[in-house]
Amino acid sequence: MEAYKKLLLGNRAWVRERLAAQADFFQKNAYDQRPEFMWIGCSDSRVPAEDVTGAEPGELFVHRNIANLVIHTDFNMLSVLQYAIEVLKVKHVIVCGHYNCGGVSNAMRRQDLGLINKWLRHIKDVYRLHHRELETIDDAQKRFDRLVELNVVEQVQNLAETSIVQKAWQAENRPVIHGWVYDLRTGYVNEIASMRPGAKMDDIYRFEWPVVEAGEG
Ligand code: CO
């Protein structure tokens with residue numbers, strides 16, 4: 001059997017399993033979604049968002065890219081974010097990194113990877129921002145682990161710096177932004193950072209909107 005056929009057979013088995021547990025599962029899901037969470041994760045095949053969180057279809061609105069980056073000119077990520085916040089009205093945005101991330105590891109090396117250099121450059125910037133702390137860590141694995149964590153912290157900041165998040169914070173007091181790290185070695189996810197509506201940030205990144213008086217317009 002060709003390898004890919006395993007996936008189609010897996011799909012048939014999954015449909016049977018779902019229907020056995022809940023006969024109207026697909027009808028219920030077919031016309032609407034109301035996820036409370038947006039997930040920004042790494043493309044890594046070992047970190048499937050629903051599996052590691054025990055979430056069901058319909059619960060997570062997902063965006064994944066190499067090393068779970070939030071880049072302020074990435075229209076793909078920004079479109080997912082805007083839709084999640086303005087249309088789906090998610091209450092939480094989660095950035096989930098993971099230890100032993102290939103993207104972070106390659107960003108620590110000098111090898112030329114072509115186009116991917118441009119993407120990983122953002123992680124090199126995170127390294128430079130935190131080089132003092134990172135260079136006090138002698139153990140290479142521990143330094144790598146710490147850069148994975150700092151990368152997540154910076155992506156949480158990057159989310160808060162978008163006008164999309166700030167507008168929702170001001171108007172609707174949501175979403176909460178979470179920075180998580182998944183440990184491939186144990187299976188556990190831990191929260192290492194979070195920002196609630198109105199959280200402080202560097203002043204230069206703050207947007208302000210005029211307050212509309214009642215009766216106006
Ligand atoms: Co990764």
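Anyway, here's the lowdown on the structure attached to this text. It should be emphasised that the depicted structure is a prediction, and the values quoted were computed from it without experimental measurement. (Residues numbered from 1 in each chain as written. Predicted model: local features only at pLDDT ≥ 70, side-chain atom pairs only at ≥ 80, totals over all residues. Heavy atoms only, no water.)

**Quick word on the overall build of the chain**
Stated precisely, the cut-off is as follows: Numbered from the N terminus, helices here are DSSP runs of H or I no shorter than four residues, and strands are runs of E no shorter than two. Type-normalised accessible area, obtained with a 1.4 Å probe on protein chains alone, sets the label of each residue: buried when under 20%, exposed when over 50%, and partly exposed for intermediate values. Working rule for contacts: check all heavy atoms of both residues, and any pair within 4.5 Å makes them a contact. Neither His nor the chain ends is counted toward charge; the positive residues are Lys and Arg and the negative residues Asp and Glu. By convention, charge coordinates are those of NZ in Lys, CZ in Arg, CG in Asp, or CD in Glu.
Helices and strands together make up the secondary structure of the chain, namely nine helices and five strands. Each of the three principal axes of the chain carries a C-alpha extent, and together these read 60 × 55 × 30 Å. Going through the 217 residues of the chain one by one, you find that 36% of them count as buried. Relative to all contacts within the chain whose residues are 6 or more apart in sequence, the contacts with residues 24 or more apart total 63%. Of the side-chain charges in the chain, 27 are positive and 30 negative, and the distance between the mean point of each set is 4 Å.

**What to know about the coordination of the cobalt ion**
Ideal donor angles around a metal are set by the shape: a four-donor tetrahedron calls for 109.5 degrees, a six-donor octahedron for 90 or 180 degrees. For the record, the criterion: Metal donors were taken as nitrogen, oxygen and sulfur atoms no farther than 2.8 Å from the ion, or 3.2 Å where the ion is Na, K or Ca. Water is excluded, so coordination may look unfinished.
Ligation of the cobalt ion by protein atoms is provided by Cys-42 (SG), His-98 (NE2) and Cys-101 (SG), these donors lying 2.1 to 2.3 Å from the ion. Sequence positions of the donors to the cobalt ion reduce to the motif C-x55-H-x2-C. Taken together, the residues Cys-42 in strand 1 (residues 37–42) and His-98 in strand 3 (residues 92–98) connect sequence positions 56 residues apart. Given a relative accessible area of 1%, His-98 falls into the buried group.

**Here we look at the pattern of salt bridges**
What counts is decided by this rule: Between Lys or Arg on one side and Asp or Glu on the other, a salt bridge is scored when a side-chain nitrogen of the former is within 4 Å of a carboxyl oxygen of the latter.
For the structure shown, the criterion picks out 13 salt bridges. Glu-56 is the salt-bridge partner of Arg-18, the closest N and O atoms lying 2.6 Å from each other. A residue pair is termed long-range when its members are at least 10 positions apart, and Arg-18 in helix 1 (residues 5–21) and Glu-56 in the loop between helix 3 (49–53) and strand 2 (60–65) qualify at 38 residues. Looking at Glu-56, the relative accessible area reads 36%, which means it is partly exposed. Across the pair Arg-46 and Asp-44 runs a salt bridge, and its minimum N-O distance is 2.7 Å.

**Some words on the sheet that holds strand 2**
Heads up, the rule is: When DSSP finds at least two bridges between two strands, those strands are taken to pair. Axes here refer to lines fitted to C-alpha atoms; in helices the fit is confined to the stretch in contact. Angles between the N-to-C directions go from 0 to 180 degrees.
With mixed pairing, the five strands of this open sheet are ordered in space as 2-1-3-4-5. Edge positions in the sheet fall to strand 2 and strand 5 (189–195), since each of these pairs with one other strand and no more. When the angles between neighbouring strand axes are averaged without regard to direction, this sheet yields 20°. Summarising the sheet, strand 4 (residues 176–182) and strand 5 pair through six bridges and their orientation is antiparallel. Within the sheet, the bridge partner assigned to Ile-177 lies in strand 5 and is Met-195. Helix 8 (residues 140–160) rests against strand 1, strand 3, strand 4 and strand 5 of the sheet, and its axis sits at about 165° to strand 4.

**Section: the pairing of strand 4**
Among the seven residues that make up strand 4, six are buried, leaving the element largely enclosed by the rest of the structure. Pairing between strand 3 and strand 4: seven bridges, direction parallel. Paired with His-92 across the strands is Val-176, a residue of strand 4.

**Section: the nonpolar core**
Applicable threshold: Among the buried residues, those of types Ala, Val, Leu, Ile, Met, Phe, Trp, Tyr and Cys that are joined through side-chain atoms within 4.5 Å form a nonpolar core.
Formed by 24 residues in total, the largest nonpolar core has its most connected members in Met-38, Leu-81, Ile-85, Val-93, Leu-159 and Ile-177. Tallying contributions element by element places helix 4 (residues 75–87) first for this core, with six residues. Dropping the residues within four chain positions of it, Leu-159 is found in contact with Ile-40, Val-70, Leu-81, Val-93, Val-95, Val-165 and Ile-177. Counting 18 residues, the second-largest nonpolar core is a separate cluster that includes Cys-42, Leu-120, Ile-123 and Val-181.

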